[in-house]
Amino acid sequence: MEYSTMICDMHIGDQVEGFYILKGAYPKTAANGKPFLNATLADKSGTVEAKVWNYSGPIGVGDEGKVIKIRGEVSEFRGAYQIVIERIRLAERDDPYNIADLVPVAPIDVDATMQDVERLLRTIEDQDYQAICLQMMHEHYDALRNIPAAKSVHHGFISGLLMHTAHMLKIADFLANLYADVIDRSLLLAGTFLHDFAKEKEFTFSQLGLATNYSVKGQLLGHLVMGAQDVAEVAKQLGVPEDKSVLLQHMILSHHGEPAFGAAVVPICAESELLSEIDAIDSRMEIYRKAMEGLAAGEFSGRIFALEKRIYRHK
């Protein structure tokens, strides 16, 4: 029996016991009418799916984000690892686990990255766009430093939003200079910086700081609509001309590219088109980064849902 094995070190057939974060809980009913629990477990090294057969509680959706203790066996289902759990309970106050082993954290220097982001924002030549960005940074400073950028698909770890935003700003800065005859650099950098700010309101967060579920507003409106609303309000407070405010709102509302991927409108200016591509690049590269951590050179992954394919780590 392996105790508190890191998820990235698990192998098919391992008997595991230890403490993990209940990242997702999905009570279901089997074909035979018996209840079971689908779950997503997490530690700082990654996530793994799990099942608890013939189980109706007490652990369920209301416990997402909490630390649990499990005992079970690692198996494979549809090309991906999963743990079949034999015993499960909530962690207790005196249990011997280390939070630092459980919570995934962005592999960045947070203070230095915040300084880099602010330094780049201050190079935005259009003073209206710069003012909106600096005001939003001031109002959402702690959230930008700390929250994940997603629940699970990409950058779903502490300071993930900061890492995602900083990487995208660097890409945007480079491409704005490369396509200077087409792109308004100020608009592109401002839209890139602001595109995911409403993730703070889209999710609910655990005591450990991870995104556990979508908020009511997150489900009814989504971060694109809420982000556009926030920018419109700040622009109004700062007296920014309406045409600039509308352009920034369009950047946010269209950055998912297509309605099928969640965009409220499709990108119809060069800057919004480029923003949607930059977002896709950084999101997908993070998915690759995490997937390759668990692969040896010359190995293929299992099917990755977010990419709709397997990937190969070459030598």
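Above this text you will find the structure in question.
So, a few notes on the structure that sits alongside this text. Keep in mind the model is a prediction, meaning the values are calculated, not measured. (Residues numbered from 1 in each chain as written. Predicted model: local features only at pLDDT ≥ 70, side-chain atom pairs only at ≥ 80, totals over all residues. Heavy atoms only, no water.)

### Thoughts on the overall build of the protein
As a reminder of what qualifies: Under the DSSP-based scheme used, a helix requires at least four consecutive residues in state H or I and a strand at least two consecutive residues in state E, with every element numbered from the N terminus. Only C-alpha atoms enter the radius of gyration, while the globule expectation follows 2.2 Å times N to the 0.38, with N the number of residues. Exposure is judged per residue with a 1.4 Å probe applied to protein chains only, and the accessible area is read against the type maximum: over 50% gives exposed, under 20% gives buried, and values in between give partly exposed. Pairs of residues are marked as contacts when any of their non-hydrogen atoms sit within 4.5 Å. Under the convention used here, a 1.4 Å probe and the Shrake-Rupley method define accessible areas, while residue burial counts only the protein chains that appear. In this tally, Asp and Glu contribute negative charge and Lys and Arg positive charge; neither His nor the terminal groups of the chain are included. To locate a charge, take NZ of a lysine, CZ of an arginine, CG of an aspartate or CD of a glutamate.
What the protein contains, in helices and strands, is 11 helices and 10 strands. Relative to the globule expectation of 20 Å for 315 residues, the C-alpha radius of gyration of the protein, 21 Å, shows essentially globular dimensions. Reported as C-alpha extents along the three principal axes, the dimensions of the protein are approximately 60 × 45 × 40 Å. Residues classed as buried in the protein amount to 50% of the 315 residues present. A fraction of 56% describes how many contacts in the protein between residues 6 or more apart in sequence connect residues 24 or more apart. For the protein, the accessible area works out to roughly 15800 Å², and carbon and sulfur atoms hold 52% of it. Across the protein, the mean location of the 31 positive side-chain charges is 7 Å away from that of the 44 negative side-chain charges.

### Comments concerning unusual backbone geometry
Most peptide bonds take the trans configuration, and most residues that are not glycine carry a negative phi. Cis geometry marks the peptide bond from G57 to P58; its omega dihedral reads 15°. Inspection of the secondary structure assignment puts P58 in the loop between β4 (46-52) and β5 (67-77). For R78, which is not a glycine, the phi torsion comes out positive at approximately 50°. If you trace the backbone, R78 turns up in the loop between β5 and β6 (80-90). With relative accessibility at 74%, the residue R78 sits in the exposed group. Positive phi outside glycine occurs at H155, with the angle close to 55°. Residue class for H155 comes out buried when judged on its relative accessible area of 2%.

### Digging into the packing of helix α6 (residues 185-194) against helix α10 (residues 242-254)
Short version of the rule: Think of each axis as a best-fit line through the C-alpha atoms, taken over the contacting stretch in the case of a helix, with angles from 0 to 180 degrees between the N-to-C directions. Any angle between 65 and 115 degrees counts as roughly perpendicular, while under 35 counts as roughly parallel, over 145 as roughly antiparallel, and the rest as oblique. Take the far helix as the reference: if the near one is turned anticlockwise from it by less than a right angle, the crossing is left-handed, and if turned clockwise, right-handed. Residue classes follow a fixed rule: Ala, Val, Leu, Ile, Met, Phe, Trp, Tyr, Cys and Pro count as nonpolar, while Asp, Glu, Lys and Arg count as charged, and any other residue, Gly among them, counts as polar.
Their axes nearest at 9 Å, the elements α6 and α10 cross at an angle of 50°. Taken as axis vectors, α6 and α10 run oblique relative to one another. The crossing of α6 and α10 is right-handed. Seen from α6, the contacting residues are L187, L188, A190, G191 and L194; seen from α10, they are L247, L248, M251 and I252. Partitioning the contact of α6 with α10 into residue classes produces eight nonpolar, one polar and no charged.

### Things to note about the packing of aromatic side chains
The relative placement of two aromatic rings is captured by the distance of their centres and the angle of their planes. As a reminder, the rule being used: Between 30 and 60 degrees the pair is tilted, below 30 it is stacked and above 60 it is edge-to-face, where a pair is any two Phe, Tyr or Trp rings, Trp via its six-membered ring, whose centres lie within 6.5 Å.
A full pass over the atoms with the stated rule returns six aromatic pairs. Ring geometry for F203 versus Y214: centroids 5.1 Å apart, planes at 45°, classification tilted. Here F203 is found in strand β7 (residues 203-205), whereas its partner Y214 is found in strand β8 (residues 211-214), with 11 residues between them in sequence. A relative accessible area of 5% means that F203 is categorised as buried. In textbook terms, an aromatic cluster arises when at least three aromatic residues are bridged by ring pairs, as seen for F203, F205 and Y214.

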